[in-house]
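Survey of secondary and tertiary structure
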Amino acid sequence: MVLATQETLDMMRLRYGDNFAGHTQTIRYGETLRLNDVTVSFHPAGHVLGSAQIAMTCNGLRIVASGDYKDAPDPTCTPFEVVPCDVFITEATFGLPVFRHPDATREVRKLLDSVRLFPERAHLVGAYSLGKAQRVIALLRAAGFDAPIYLHGAMESITRYYESRGVPLGDLRLVKDMKKADLAGTITLAPPSATSDIWTRRFPDPVTAFASGWMRIRARARQRGVELPLVISDHADWDGLTATIKATGAGEIWVTHGEEDALVHWCKTQGLAARPLALVGYGEEDESAVAGGEDAA
Amino acid sequence: MNRFAELLDRLSYEPGRNNKLRLITQYFRDVPDPDRGYALAALTGTLSFKHAKAGLIRELIAARSDPELFALSYDYVGDLSETVALMWPKTETSSPLKDTQRGHNNPPPPSLTEVVTTLATLGKAEMPAQLTRWLDELDETGRWALLKLVTGAMRIGISARLAKTAAAALGDKDPHDVELIWPGLAPPYPDLFAWLEGRGDKPANRDVAPFRPVMLAHAIETDEFEALDARDFIAEWKWDGIRVQAVSGRDDDGNIVARLYSRTGEDISKGFPDLLPSLHLPGAIDGELLVLREGRVQSFNVLQQRLNRKSVTPKLTKEFPVHLRAYDLLADDETDLRLLPFVERRARLEAFVEKLDDPRIDLSPMVPFDDWSIVTAARADPAAFGAGDDAEAVEGVMLKRRDAVYLPGRPKGQWWKWKRDPYIIDAVLMYAQRGHGKRSSYYSDYTFGVWTDSDGGDRLVPVGKAYFGFTNEELLQIDRFVRRNTTEKFGPVRHVVHEPDQGLVLEVAFEGLQRSPRHKSGVAMRFPRISRLRWDKPPREADRLETLERMLKADA
């Protein structure tokens, strides 16, 4: 049984096939649902299209689980909404004060400058295929880049789905139909794992970029052989996390999924009760996923 | 400062040597004197101001942040300068303004020249306030570059040689020419840039006892001999001491000026006052610094006790008498010999050492051979092939082309080093710690131990730490093993399972052993590295401390 927004259910179907769940139920942002004594409602998380925070109220106590969220502007999804609550379960992917994401438009400007500087080379941008890729495309369009943007095959279905939900992304083409020489001066988006793959041999002297909040840390960028790190993240940065925690008015904070220790410590310095919440299958596993394949940051 | 910071930032991500050169040359082209000169000095490591200690940087950030948040951040990022640059909080005055909206009341960020010249005269007491001011004025990349600069830890993968090559490219000059005049130049190098841009004469090297950039050897693999003709080469012992350059010249009054340099050109004369009087003839000797007692070369462990001492006492010089074993002559009086073939330099060296006639300086003997099998045998048993009592201080064989001219750097195919086989033991992984820099997300620093008898039972005792030797693929495997087999966490250190039937055996190679009261095991390894992962071996079959103690006896 999966209870989720329409977009989330649609994208699960695209990713995992028609039988991804025994039973599904759709819920809209702001809609409330009663399960025994508990009232449940979903609210925009601003992370990717369809992403939601879940609020649960029982006997006057309200708990909100943020899921992944960001409070920065993103033209491809509904903006994050602060949900006042008593207990706030926050993510902490970037829960260290070294993570302060710059304005994403400045990072996209860096990419466009590089394209102008190396017109004979292809620019290959590693980006998570759900959300990040579409956001980078939308940012490029907003910056006035109206040439075709090329896609790795693995990005096609989600990207087309975004378009079908009314997110305009301009002229998109599949890279597999292109000749090597014609890719000079172009921008291609690919899943991060593909940017270090033999797949990249089809590009003329590619400049490897990577759009991720992790790019704030030099060692991370170098580990991946990234030449053009772009600090663009779909997670709240340190300032976003701390501002959101304050804004919810919650007196108790449970911190999960990332750098819990620092955020828990900060909460305590603010007089808030806080503790790390260890979720099975998160945290440690995440790091090896970062070293290897895709990551959602 | 910002343009320089931008250069460092680009360089830090650029893997290709040629692209690095292009970036640096372009910087020299774009940026006027004296900023570019100080940049060249920074890249070649020749800036001479008192470096800020890491402790000071920690104090600065402590005054601006929560200590626990800083500790967690530093553990995560793995680099002090980067951590501070990233988490440095914006000041009250600058926070509401974006960079582009900066009012005239905000001071502009400092130039590189301003930073370098200020640091040169800055008193220790003024340093904290000055650094804080700069950190407030610079952006995140600027802060990072500033901190790298003031702590003297650039580590951006640029060698001094590369920076000089980039400078030479500015005027289509041979980088070797820049090396030759380099010792006579000083930051911010106006004469050098004037010459490179065709606006001035080639600067002369005026130092009477200058350092000459050293020539280095490549390691040779056994199968590489097939391609080489034994008749083209001369063999010598590779001594287990430290490489030095002993230079003498005459000043304007005709007095001898003698200096001893390390292989990187650092003047280490102060540490060896007992050797300097022996350098009484003008010339430049390339050789090995050793400790000799009653004519016998002592092990590196003994030499080490003579190195890096703050003060050199008569007791120290008596107990650890230093000696120079000469293997090359770069200059004979005023004559530069470096462009002569090695055989001719060798003949000049023999004559020079004879003329010196000093008990502290002798010739490194040649190892006669006519085919590679003799070199192989000599390397395996130096004592039987002429090294005699000094065989313990031989760490391999050097092969030098007879016709090799003396070139700075590591030219291909000229000199080869063939080290003797390392010591090998099987040890058990006990603790792991995250690496720094590139490896900050990996558990890449390993403490390993061997078995010892303790209160009637066997127990592992740590004998060393290693953080290289493995391939990237092996690093991933060990990292995964550490994460899955952690028994306890202590801050950044993880205790990894190490039971007789459970754990990971590491084959560790090392160059030598030394008794050490500071280590629980009583021994310390020299140059330990992981040579193989023994997934096949249960920990109970790993080596015992007794094995190491036997090696120690054989070594002594």
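Owing to the predicted nature of the structure, the values given are computational and were not obtained by experimental measurement.

Definitions and cut-offs
- Residues numbered from 1 in each chain as written.
- Chains lettered and ligands numbered in written order.
- Predicted model: local features only at pLDDT ≥ 70, side-chain atom pairs only at ≥ 80, totals over all residues.
- Helix = DSSP H or I, 4+ residues; strand = E, 2+ residues; numbered from the N terminus.
- Buried ≥ 20, exposed ≤ 12 C-beta atoms within 10 Å, placed from the backbone.
- Contact = placed C-beta atoms within 7 Å.
- Nonpolar A, V, L, I, M, F, W, Y, C, P; charged D, E, K, R; others polar.
- pLDDT = per-residue confidence, 0-100.
- Pairing = 2+ DSSP bridges.
- Axes fitted to C-alpha atoms, helices over the stretch in contact; angles between N-to-C directions.
- Parallel < 35°, antiparallel > 145°, perpendicular 65-115°, else oblique.
- Left-handed = near helix turned anticlockwise from the far one by under 90°.
- Arc of directions from axis to C-beta.

1. Quick word on the overall build of chain A
In terms of helices and strands, chain A carries 8 helices and 15 strands. Each of the 297 residues in chain A was classed as buried or not, and the buried ones make up 44%. Long-range contacts, defined as pairs at least 24 residues apart, comprise 63% of the intrachain contacts of chain A with a sequence gap of at least 6.

2. Some words on the environment of arginine 379 of chain B
Residue and element names in this part refer to chain B. Following the sequence through the fold, arginine 379 ends up in helix 16 (residues 372–380). Measuring from C-alpha to C-alpha, the distance between arginine 379 and valine 394 comes to 8.7 Å, with 15 residues separating the pair along the chain. The residues contacting arginine 379, other than those within four sequence positions of it, are Gly396, Val397, Trp418 and Arg420.

3. A look at the interface of chain A and chain B
Contacts between chain A and chain B engage 24 residues on the former and 23 residues on the latter. Mapped by element, the contributors of at least two residues to the side of chain A that touches chain B are helix 5 (218–223), helix 7 (260–269) and helix 8 (284–292) of chain A. Per-element tally for the side of chain A that touches chain B: the top contributor is helix 5 of chain A, with 6 residues. In terms of residue class, the side of chain A that touches chain B is made up of 11 nonpolar, 5 polar and 8 charged.

4. Section: the confidence of the model for chain A
Of the residues in chain A, 93% have a pLDDT of 70 or more, and the chain-wide mean is 90. Contacts for the low-pLDDT stretch residues 280–296 of chain A, under 50 throughout, to residues beyond four places or in other chains number 21 contacts.

5. Details of the sheet that holds strand 11 (residues 415–419) of chain B
All names here are of chain B. What the 4 strands build is an open sheet, ordered 1-11-10-2; its pairing is mixed. Looking at which strands have only one partner, the edges of the open sheet turn out to be strand 1 (218–219) and strand 2 (233–239). Where strand 1 and strand 11 come together, 2 bridges link them in parallel fashion. From the neighbouring strand, histidine 218 faces strand 11, where its bridge partner is tryptophan 416.

6. Comments concerning the environment of lysine 489 of chain B
Locating lysine 489 of chain B in the fold gives a position in strand 15 (residues 486–490). Judged by C-beta crowding, with 9 C-beta atoms within 10 Å, lysine 489 of chain B ranks as exposed.

7. Digging into the packing of helix 3 (residues 35–44) of chain B against helix 10 (residues 160–170) of chain B
All names here are of chain B. The contact between helix 3 and helix 10 brings their axes to 8 Å, and the two run at 150°. Comparing the axis directions of helix 3 and helix 10 gives the class roughly antiparallel. Where helix 3 approaches helix 10, its residues Leu40, Leu43 and Thr44 are matched on the opposing element by Ala160, Ala163, Lys164 and Ala167. Tallied by class, residues from the contact of helix 3 with helix 10 come to 5 nonpolar, 1 polar and 1 charged.

8. Concerning the environment of alanine 221 of chain A
Examined against the element boundaries, alanine 221 of chain A turns out to sit in helix 5. With 12 residues separating them along the chain, alanine 221 of chain A and alanine 209 of chain A place their C-alpha atoms 9.3 Å apart.

9. Focus: the pairing of strand 2 of chain B
Residue and element names in this part refer to chain B. Along strand 2, 5 of the 7 residues are buried, which leaves the element largely enclosed by surrounding structure. Both strand 2 and strand 10 (residues 394–401) contribute to a ladder of 7 bridges, which runs antiparallel. For tryptophan 239, the partnering residue across the bridge sits in strand 10 and is valine 394.

10. Some words on the sheet that holds strand 12 (residues 207–211) of chain A
All names here are of chain A. Strand order in the open sheet formed by 6 strands is 10-9-11-8-12-13, and the pairing between neighbours is parallel. The strands lining the two open edges of the sheet, one partner per strand, are strand 10 (172–174) and strand 13 (228–230). Going from strand to strand, the sheet's axes swing by 30° on average, the running direction of each strand aside. Alignment of strand 12 against strand 13, held across 3 bridges, turns out to be parallel. Bridge assignment links phenylalanine 210 to a residue of strand 13, and that residue is proline 229. Together, strand 8 (123–126), strand 11 (187–190), strand 12 and strand 13 form the strand contacts of helix 2 (residues 104–117), whose direction differs from that of strand 13 by roughly 155°.

11. Remarks on unusual backbone geometry
Of the consecutive residues aspartate 33 of chain B and proline 34 of chain B, the connecting peptide bond is found in the cis state with omega at -5°. Tracing the sequence through the fold places proline 34 of chain B in the loop between helix 2 (17–30) and helix 3. For the bond running from proline 187 of chain B to proline 188 of chain B, omega is 5°, close enough to zero to count as cis. You can see proline 188 of chain B is positioned in the loop between helix 11 (175–181) and helix 12 (190–196). A positive phi is found at asparagine 59 of chain A, a non-glycine position, where the angle reads about 50°. Within the secondary structure, asparagine 59 of chain A is located in the loop between strand 5 (52–58) and strand 6 (61–65). At aspartate 172 of chain B, a residue that is not glycine, the phi angle is positive and equals roughly 50°. Of note, aspartate 172 of chain B is situated in the loop between helix 10 and helix 11.

12. Points about the packing of helix 1 (residues 6–16) of chain A against helix 4 (residues 156–164) of chain A
All names here are of chain A. It is at 10 Å that the axes of helix 1 and helix 4 come closest, and there the two elements cross at 155°. In terms of orientation, helix 1 and helix 4 fall into the roughly antiparallel class. The handedness of the crossing between helix 1 and helix 4 comes out as right-handed. Together, Asp10, Met11 and Leu14 of helix 1 and Ser157, Ile158 and Tyr161 of helix 4 make up the contact between the two elements. In the contact of helix 1 with helix 4, the residues fall into 4 nonpolar, 1 polar and 1 charged.

13. Digging into helix 4 of chain A
Residues and elements named next belong to chain A. Along helix 4, the positions that sit buried rather than exposed are Ile158, Thr159 and Tyr162. The buried residues of helix 4 occupy one face: seen down the axis, they fall within an arc of 100°. Of the exposed residues in helix 4, the ones pointing more than 90 degrees away from its buried face are Ser157 and Ser164. The inward-facing, buried residues of helix 4 abut helix 1, helix 3 (132–142), strand 9 (149–151) and strand 10. Immediately beyond the C-terminal end of helix 4, within one or two residues, lies glycine 166, with a positive phi of roughly 90°.

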